[in-house]
Amino acid sequence: AAVVGVLALQGSYNEHMAALRRIGAKGVEVRKPEQLLGLDSLIIPGGESTTMAKLADYHNLFPALREFVSAGKPVWGTCAGLIFLANKAVGQKSGGQELVGGLDCTVHRNFFGSQLQSFETELPVPMLAEKEGGSLTCRGVFIRAPAILEVGPHVEVLADCPVPTITSGKGLEDEVYSKDRVIVAVRQGDILATAFHPELTSDSRWHRLFLAMDKDSQARSLAALSLSVSS
Ligand code: GLN
């Protein structure tokens, strides 16, 4: 069975571990750089990204996390995890924070406002329906949620949603965000990122999608290995 690392510094890592159990995959909690070594894929959960970044720094995890991402191993960030993976984050009240990076996008850390503006919505996700069948939408649980303001050319948008009036006009540095929809789920090669929390619902489709990415990437590295052995 697949073994998936779950960054377990802070936030919703227990819920990710449980979601993996439900689909018969094994989750391994990761708190130290050396625990990343034998792993093929990693989930970075939601939580509070500044706190998570401080803890990651304390445990000297940033270099190992960056190496993991640049090795092309599948990584999925939910909410704060998405912020971690972004190349650029805006909307910090108190200065910046360290990011892992790798995902070519700009995220707004608190695009949807504070705890009070947390919300749930039915999100249309064509790609999930294509891979998994069933309903075209998924339940999006947004908690002090970030959003993706801009993406690079290699980023595939998996879901967007209307900008709530209460948060429209949030700044993208000195510009104002004036589109009426904002991106909340993307994929760039082996990086998956969602602004919402599938691990807080009973819908396992996102976890299964991520496992499928993991399998594809293992098959690719096996193929590369056998090529280099036979040549
Ligand atoms: N906005 C939060 C942050 O900056 C993320 C919220 C979440 O992960 N639920 O970290």
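Read on for an overview of the structure. Please read all numbers here as calculations on a predicted model, not as lab measurements.

Conventions adopted
Residues numbered from 1 in each chain as written. Predicted model: local features only at pLDDT ≥ 70, side-chain atom pairs only at ≥ 80, totals over all residues. Helix = DSSP H or I, 4+ residues; strand = E, 2+ residues; numbered from the N terminus. Buried ≥ 20, exposed ≤ 12 C-beta atoms within 10 Å, placed from the backbone. Contact = placed C-beta atoms within 7 Å. Near = placed C-beta within 6 Å. Nonpolar A, V, L, I, M, F, W, Y, C, P; charged D, E, K, R; others polar. Core = buried A, V, L, I, M, F, W, Y, C linked by C-beta atoms within 7 Å.

Focus on the environment of Leu55
Piece 1. Examined against the element boundaries, Leu55 turns out to sit in helix α2 (residues 49-58).
Piece 2. Accessibility expressed as a C-beta count within 10 Å gives 17 for Leu55, which makes it partly exposed.
Piece 3. In the structure, Leu55 is positioned 24 residues away from Arg31 in sequence and 9.2 Å away in space, judged by C-alpha atoms.
Piece 4. Setting aside residues up to four positions removed in sequence, Leu55 forms contacts with Leu9 and Gln10.

A closer look at the site of the ligand
Piece 1. All residues in the neighbourhood of the ligand are listed as Gly46, Gly47, Glu48, Ser49, Cys79, Ala80, Ile83, Arg109, Asn110, Ile143, Arg144 and Pro146.
Piece 2. By residue class, the composition of the shell around the ligand is five nonpolar, four polar and three charged.

Describing the nonpolar core
One broad rule of soluble globular proteins: the nonpolar side chains tend to lie buried together.
Piece 1. Ranked by size, the top nonpolar core spans 66 residues in total, and within it Leu85, Ala86, Val107, Ala147, Ile148, Val184 and Ala195 carry the most contacts.
Piece 2. Beyond its immediate sequence surroundings of up to four residues, Val184 is in contact with Leu123, Gly140, Ala147, Ile148, Ala159, Asp160, Cys161, Thr194, Ala195 and Phe196.

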